[in-house]
Amino acid sequence: MKLKDTEELNVLKAQSLKLIETRRAKEAVDTKNAPGLVRHILVCGGPGCHSSGSPRIAEVLEEELDRAGLADQIKVFEPGCFGFCEKGPMIQIHPDNVTYCEVSPEDVSTIVQEHLLEGKQVERLLYMDPNTKERFAANIPFYNNQLRIALRNVGYIAPENILEYIAADGYQALAKVLFHMTPLEVIDTLKVSGLRGRGGAGFPTGVKWEFTRRSEADQRYIICNADEGDPGAFMDRSVLEGDPHSVLEAMLIAGAAIGSSQGYIYVRAEYPAAIHRLKIAIDQAREYGLLGKQILGSDFDFDIELKYGAGAFVCGEETALIHSIEGLRGEPTVKPPFPAQKGLWGKPTCVNNVETLANIPPIILKGAEWFAKIGTEKSKGTKVFALAGKVNNVGLVEVPMGTTLREIIFGIGGGIKRHKTFKAAQTGGPSGGCIPTKYLDSPIDYESLMAIGSMMGSGGLIVLDEDDCMVEIAKFFLEFTMDESCGRCTACRVGTKRLHEILQKITEGRGTLEDLENLEKLCNIIKDTALCGLGQSAPNPILSTLKYFRDEYVAHIVDKTCPAGVCKSLLKYEITDKCVGCGRCAKQCPTRAISGSPKKRHVIDQERCLKCGACMEQCRVDGAIIRH
Amino acid sequence: MDIHLTINDIPLTVPEGTTILEAARTINIDIPTLCHMKLHEMHYNNNIASCRVCVVEIEGRRNLASSCSTPVMEGMVVKTDSLRAIQARRAMVELLLSDHPKSCLTCAKNMDCDLRKLAAELGVRTIGYEGVESEFEIDQSSSSIVRDPNKCIRCRRCETMCNEVQTVGVYSAMGRGFETVIKTAFDLPLSQTACTFCGQCLAVCPTGALTEVDQVDKVWKALNDPNQFVVVQTAPAVRVALGEEFGMEPGEIVTGKMVASLRRLGFDRVFDTDFAADLTIMEEASELVHRIQHGGRLPLLTSCCPAWVKFFEHQFPDLLDIPSTCKSPHQMMGSLIKSYYAKTLGIDPKSITVVSVMPCVAKKYEAARPELGQSADTADVDIVITTRELARMIREASIHFDHLKDQEFDHPLGESTGAAIIFGTTGGVLEAALRTAYEMLTGEALEKVEFEALRGMNGIKEAVIPIAGKDYRIAVIHGLGNARTVLEKIRAGESDYDVIEIMACPGGCIGGGGQPYHHGNMEILKSRAAAIYREDRAKPLRKSHENLAIVALYKDYLGEPYGERAHQLLHTSYTARRKI
Amino acid sequence: MCNSDSPNEFAQKLDNFIDSLPNKKENLIAILHYAQEIYGWLPDNVQWHIAQKLDIPSAKVYGVVSFYSYFTMKPRGEHVVNVCMGTACFVRGAEKLKNELENQLKIKAGETTPDNLFTLETLRCVGACGLAPVMIVDGEVHGKMHEPQEINEVLAKYRPEG
Ligand SMILES: Cc1cc2nc3c(=O)[nH]c(=O)nc-3n(C[C@H](O)[C@H](O)[C@H](O)COP(=O)(O)O)c2cc1C
Ligand code: SF4
Ligand code: SF4
Ligand code: SF4
Ligand code: SF4
Ligand code: SF4
Ligand code: SF4
Ligand code: SF4
Ligand code: SF4
Ligand code: FES
Ligand code: FES
Ligand code: FES
């Protein structure tokens with residue numbers, strides 16, 4: 001059914017509202033007093049929960065509901081990520097507004113029996129605050145201080161049903177743009193809103209649209225950059241899987257504002273679920289006449305095609321991405337000309353990140369001022385972070401710009417795992433840096449992160465603790481950029497290799513203080529000289545760790561020790577006189593490096609020791625095996 | 001639109017679209033470059049900005065910018081000589097050298113190497129960054145080109161040349177990161193690819209990663225073998241370029257000194273490939289007349305360029321019946337030396353060594369083609385060396401080239417006309433053929449022998465020439481990319497040409513892969529072409545069929561042009577090959 | 001992978017796919033994805049064939065294939081085991097997981113077991129960072145892979161009976 005005008009869209013919305021009505025209730029509803037009400041059970045279908053078995057839970061749930069004769073009164077959905085991946089698989093029951101954590105298929109019958117039939121909450125599956133031991137059915141602290149704009153529909157609507165998106169105000173912004181705004185007004189709205197690119201560089205989106213619109217051409221293109229390459233970031237994936245239509249709608253708006261009739265979504269091949277959802281969304285949008293010719297009865301034509309990446313981080317860089325779409329090696333080229341001037345097939349092209357796009361429909365609907373009120377002076381709105389690493393609550397969080405790292409890591413994130421000590425937060429992925437404790441209270445926005453030697457990047461936020469060696473972390477990122485360098489330019493092709501080699505030397509205890517100087521010098525030259533953003537930012541992880549954790553480098557070089565006990569070549573395992581001679585360690589040693597007679601102190605043959613640490617894990621006697 | 005900017009505090013105004021590099025050159029600042037190369041007339045522009053040695057500082061920018069690929073902008077303030085830029089440049093060279101064999105002393109490019117020169121100019125004294133070096137196999141599979149990827153600096157000039165100008169597409173960058181290198185499909189040896197051996201990649205390679213197969217020692221060996229009668233022949237384009245190797249101006253004609261030096265080197269006879277060029281005209285013009293008169297297939301394509309021959313064998317195997325069947329001139333010469341001339345001297349062709357001095361690396365490959373010879377073990381031509389290799393032999397023999405007294409080629413295979421010399425540049429073969437075909441078809445003498453329309457550096461030149469009441473549509477093409485364009489039209493039946501001359505190298509043989517390196521200076525090629533036409537004008541005879549030695553050859557030995565014996569000795573056949 | 005098809009049927013399928021595309025050359029990457037899906041890898045002759053079909057140099061195709069890590073020029077085993085080496089997994093012990101897999105399978109990352117059952121590879125972030133460290137077998141993610149025993153159990157699921 002093709003929608004012929006806004007009227008038809010509104011009618012459809014009104015009809016569809018009942019689809020999500022159940023979920024809209026903000027307060028818990030006692031179903032006993034609401035006869036005839038259809039309950040919704042949302043089983044998180046996000047990547048984390050999916051991997052830990054949510055599809056099986058949904059399956060069992062359907063079976064159990066059938067068996068209990070509840071199939072008509074209770075519907076099961078699998079929306080996108082709820083955000084609190086740490087506690088997955090998660091389910092939510094509406095309108096009761098109850099969330100269960102770490103649900104297993106075996107728990108399903110209990111939930112059906114106790115919650116759905118008997119009306120009692122399953123206490124043990126509710127979230128428990130690890131400190132206060134308090135249980136929460138709703139209003140879990142993890143969600144406090146979050147503000148969901150980009151993720152507004154993720155985990156809320158069924159992503160494979162366009163009607164649910166329409167019910168949730170979907171395509172209203174498009175209708176507004178097509179019938180009540182001029183392209184310049186749209187661009188102006190974005191400029192005033194202060195929205196900046198969420199893909200990394202933070203370029204003002206409205207300005208980019210304006211540039212693209214100003215370039216004379218018979219065709220212009222919109223590209224959605226869904227190549228999410230930062231290893232450890234998954235917010236774009238969550239939007240694509242949980243709310244694909246918001247991306248399509250924003251691309252349509254961009255098309256109307258810029259004067260383009262063709263869009264491409266460049267999506268990682270490693271995200272099959274996202275691809276699947278996007279395909280469905282595009283088909284549905286075409287079916288409803290929201291893609292194609294004369295959209296909503298206007299004279300605006302626009303279509304979207306999917307293009308697949310093939311495993312190259314550098315293809316996140318705009319010019320490389322464009323070459324990849326053209327069927328070439330994903331090598332960047334010098335800017336200018338910028339894609340906005342000369343992009344895909346030589347035509348003006350606007351490249352926007354998934355999260356950037358997801359912000360756009362609400363900005364159009366609620367107005368630039370609404371958005372501009374959120375955030376800091378120069379960074380408006382919210383930012384989604386993929387919180388991971390040594391933090392208690394791994395997950396996706398969306399917070400207003402200006403929230404401090406402390407609030408995210410220790411508030412929302414619930415602090416460091418296993419009561420270890422926080423050492424640093426890594427933001428910005430391979431282009432970013434490590435932020436030490438002393439900056440935990442600085443508000444996060446584009447500028448402040450830059451000022452302390454890191455970057456917003458795409459929003460990866462990896463928490464590191466006392467057990468992480470900062471030299472090793474720098475080396476990890478260098479290995480990444482070295483592998484992912486497109487190999488085009490000297491600075492990055494050879495430079496990152498040499499940086500990695502120096503770090504290798506240091507972690508193996510062969511480094512000298514002169515190496516440290518060379519490292520720093522080369523870092524600065526590569527930053528200055530590399531052709532594209534990948535090479536220009538590749539040294540950042542080294543420079544920031546050198547800045548804040550120089551003593552760790554020096555310890556590796558001068559004292560030949562790894563303070564965090566990570567760098568194998570620098571470790572030594574020894575058995576002390578606390579040993580009771582139980583022999584457990586000897587059994588576990590892969591190289592049979594441990595010998596000793598029963599009940600006597602054992603010894604480690606250092607020549608044969610691989611430093612795997614297995615012996616230490618096995619030993620039950622405190623202090624019998626030490627590492628230094 | 002004009003753009004105003006300052007470079008090193010000097011204000012200047014340049015047209016929009018100019019790069020910083022070009023702008024700086026207008027005020028005599030030559031920013032060093034390595035990967036960049038632009039050859040206007042060839043439509044060759046290697047602008048991949050990969051080496052990063054041309055970086056400069058631009059006020060208000062966070063990073064340095066590569067001047068070769070950054071267009072000027074209004075009000076730009078550029079510093080080309082700041083410490084920051086100079087250090088970065090030097091670091092780039094050091095990084096390149098850190099993954100490069102330090103074997104300049106024995107490297108074939110040595111004195112011609114841009115990397116070595118740059119390292120010297122930038123005062124690189126130590127290589128501050130060391131680490132693993134790439135290890136690639138050296139590809140010596142072909143008779144023409146040696147590929148040593150260990151010396152490759154990933155400038156991609158070869159790739160641009162082969163893909164965009166020649167449209168052969170042998171090379172591409174492979175892999176990524178540190179492992180990235182320029183290679184052939186599936187890492188095949190060059191001999192198993194569709195490479196035409198035109199040598200244009202080698203002509204633009206700034207380092208020793210691509211060089212010709214060195215045959216100098218083979219020549220020395222033959223010269224020192226008392227049982228071998230060693231005959232040398234030199235192609236028309238060699239004499240207008242050889243002088244450059246000895247510090248002379250491009251375009252200086254050194255025919256006499258070249259002959260003298262060859263005698264000094266000990267060759268038993270010094271013949272001129274120009275003689276065979278005249279012979280080629282006789283055969284090709286006859287073939288054309290034959291096709292015209294007997295309703296044969298047109299257009300006729302010239303076949304004197306072995307790279308072009310290999311190109312159509314791979315790329316247009318369905319059109320093998322349209323090129324002329326004439327062998328290339330030096331092969332005709334070899335064939336004659338081992339038959340006619342051997343008989344004249346009364347020696348066994350097996351004890352004759354024919355050496356060709358060519359502007360060309362494809363001819364090394366061509367000489368090794370099995371069908372080109374008297375028999376399975378007697379090739380027409382035994383050894384091919386390039387202009388550069390000859391220069392080296394002369395230096396090795398400690399001959400003061402510039403002081404030599406001019407000498408003349410030996411008789412009879414050293415006689416030639418002006419028609420033959422112009423073979424060395426694009427358009428020359430057809431111009432020469434027209435001079436003869438005209439007279440063959442009309443029976444009248446041609447007064448105006450110069451066909452201006454066929455000259456110059458345009459990639460595809462066309463003309464309509466009326467002969468004996470009929471208009472002949474002719475085209476002259478150089479560069480294989482241009483050839484492809486026209487061939488595709490022929491294949492599609494959209495072309496109505498009667499004759500087409502095709503030369504693989506842009507500019508024709510004066511720009512051959514075996515010539516002294518031009519280092520990106522097109523003026524050198526133009527001077528060589530001008531010299532060729534000067535030499536033509538200076539010749540008393542300017543039409544091939546007026547060459548008395550040729551007339552005698554047909555009379556005494558070959559019989560009719562395009563006749564049976566001529567076919568046996570001077571014509572060949574083609575093989576369909578795979579595109580890879 | 002459709003193992004029941006003969007190479008000729010593969011070639012036919014590939015040709016049909018290519019013929020169905022409006023703009024062939026620009027779709028090189030989509031074509032390579034498709035070819036790898038049916039062949040399981042991208043042998044030289046398949047790349048050559050694609051080059052001929054699209055009328056582009058084989059070197060270009062090879063250059064593209066060798067650029068993207070998703071494409072492989074080596075046949076893979078029946079099951080592909082991937083270890084996530086993304087940052088979140090790395091700081092939670094991905095290296096150890098990789099070593100353990102290398103131990104258990106007795107191959108290095110990038111190799112295939114002699115019985116052709118498993119190929120071990122690494123990739124970077126599949127978006128399941130909450131479960132770090134993760135391994136992925138034939139596209140299925142297995143999270144929190146700390147213990148050798150657990151790893152062994154996952155692998156066992158993919159081994160033939162007995
Ligand atoms: C090496 C490199 C990798 C990048 N990866 C991504 C990516 O994965 N996703 C993304 O949206 N932007 C990425 N970017 C940024 C894009 O080039 C581009 O700036 C962005 O997509 C523009 O959209 P935005 O203005 O909406 O942020 C990357 C940039 C570089 C230099
Ligand atoms: S900086 Fe690195 S990724 Fe960017 S062009 Fe240079 S080599 Fe390629
Ligand atoms: S660290 Fe590993 S190799 Fe060394 S003694 Fe302990 S168990 Fe054995
Ligand atoms: S496990 Fe501990 S106590 Fe037992 S032998 Fe080893 S070191 Fe001694
Ligand atoms: S290529 Fe140049 S730098 Fe390299 S060894 Fe040869 S002469 Fe020296
Ligand atoms: S330049 Fe230096 S290294 Fe080279 S030969 Fe002369 S002395 Fe030796
Ligand atoms: S010799 Fe000619 S055809 Fe062969 S690779 Fe070089 S440029 Fe290409
Ligand atoms: S082979 Fe020569 S021309 Fe080609 S990329 Fe390497 S250095 Fe440049
Ligand atoms: S144009 Fe001349 S130099 Fe070039 S390949 Fe052909 S014959 Fe050789
Ligand atoms: S995947 Fe379920 S909460 Fe994130
Ligand atoms: S000459 Fe400019 S980057 Fe190489
Ligand atoms: S880093 Fe491993 S799944 Fe994200």
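On a predicted model such as this, the values are computed, not experimentally measured, just so you know. (Residues numbered from 1 in each chain as written. Chains lettered and ligands numbered in written order. Predicted model: local features only at pLDDT ≥ 70, side-chain atom pairs only at ≥ 80, totals over all residues. Heavy atoms only, no water.)

Colleague: A description of the packing of aromatic side chains should follow, citing residues and the corresponding values.
Modeller: With the rule as written, the count across this model stands at 28 aromatic pairs over all chains. Taking 5.1 Å as the distance between ring centres and 85° as the angle between the ring planes, the aromatic pair formed by F312 of chain B and Y574 of chain B counts as edge-to-face. Taken together, the residues span a long stretch of sequence, with F312 of chain B in helix α9 (residues 306-315) and Y574 of chain B in the segment after α18 (564-570) at a distance of 262 residues. Considered together, F312 of chain B and Y574 of chain B belong to a single accessibility category, that of buried residues. Arranged with centres 5.0 Å apart and planes meeting at 70°, the rings of F10 of chain C and Y39 of chain C form a pair that is edge-to-face. On the criterion of sequence distance, the pair formed by F10 of chain C in helix α1 (residues 7-20) and Y39 of chain C in helix α2 (residues 28-39) is long-range, its members being 29 residues apart. Chaining the aromatic ring pairs together yields one cluster made of F84, Y127, F136, F142 and Y143 of chain A. Above the plane of the ring of Y271 of chain A lies R268 of chain A, whose end atom (NZ or CZ) is 5.0 Å from the centre. The ring centre of W48 of chain C lies 4.2 Å from the NZ or CZ of R578 of chain B, which sits over that ring. (Phe/Tyr/Trp six-rings, centres within 6.5 Å; stacked < 30°, edge-to-face > 60°. Helix = DSSP H or I, 4+ residues; strand = E, 2+ residues; numbered from the N terminus. Buried < 20%, exposed > 50% of the residue type's maximum accessible area, 1.4 Å probe, protein only. Lys NZ or Arg CZ within 6 Å of the ring centre and 35° of its normal.)

Colleague: Report on the environment of V231 of chain B, specifying residues and quantitative values.
Modeller: All names here are of chain B. Tracing the chain through its elements places V231 in strand β12 (residues 229-234). When its relative accessible area of 0% is taken as the criterion, V231 is described as buried. The spacing of V231 and A260 is 29 residues in sequence and 14 Å in space, taken between C-alpha atoms. Those residues in contact with V231 that lie beyond four places of it in its chain are F267, R269, F271, I337, I352, T353, V354 and V355. (Contact = heavy atoms within 4.5 Å.)

Colleague: An account of helix α8 (residues 205-214) of chain A is requested, with residue identities and associated values reported.
Modeller: When α8 of chain A is considered as a whole, its buried residues turn out to be T205, G206, K208, W209, E210 and T212 of chain A. Residues of α8 of chain A that are buried in the fold lie against α7 (183-193), α10 (244-258), α12 (318-325), β10 (349-353) and α13 (354-366) of chain A.

Colleague: Let's hear about the interface of chain B and chain A: which residues, and what values?
Modeller: For interface size, the figure often reported is the accessible area lost on association. Between chain B and chain A, the residue contacts involve 39 residues of the former and 33 residues of the latter. Summing both sides of the interface, chain B and chain A together bury roughly 2800 Å²; the carbon and sulfur share of this comes to 52%. When the area that chain B buries against chain A is broken down by residue, the three leading residues are Y129, R176 and F178 of chain B, summing to 23%. We note a salt bridge from E484 of chain A to R176 of chain B, for which the minimum N-O separation is 3.1 Å. Linking chain B with chain A are 17 residue pairs in polar contact (both at pLDDT 80 or more), by the criterion used here. Residue composition of the side of chain B that touches chain A, grouped by class: 17 nonpolar, 13 polar and nine charged. (Buried area = accessible area lost by both parts, 1.4 Å probe. Salt bridge = Lys/Arg side-chain N within 4 Å of Asp/Glu carboxyl O. Polar contact = N/O pair within 3.5 Å; in protein donor to acceptor, adjacent residues only side chain to side chain. Nonpolar A, V, L, I, M, F, W, Y, C, P; charged D, E, K, R; others polar.)

Colleague: Lay out the pattern of salt bridges with the relevant residues and their values.
Modeller: Residues and elements named next belong to chain B. Using the criterion set out here, one finds 91 salt bridges over all chains in the structure. The salt bridge involving K526 is made with E41; its shortest N-O contact spans 2.5 Å. In this pair, K526 sits in helix α16 (residues 522-538) while E41 sits in the loop between β3 (37-39) and β4 (44-46), placing the two residues 485 residues apart along the sequence. With relative accessibility at 30%, the residue K526 sits in the partly exposed group. The partly exposed category is assigned to E41, whose relative accessible area is 28%. Note that E313 is salt-bridged to R369, the shortest N-O span being 2.7 Å. Note that E313 is positioned in helix α9 and R369 in the loop between α11 (362-367) and β16 (373-375), a separation of 56 residues in sequence. Note on R369: relative accessible area 7%, which makes it buried. If you follow the salt bridges from partner to partner, you end up with E431, R435, E450, E452, R455, D536 and R542 in one network.

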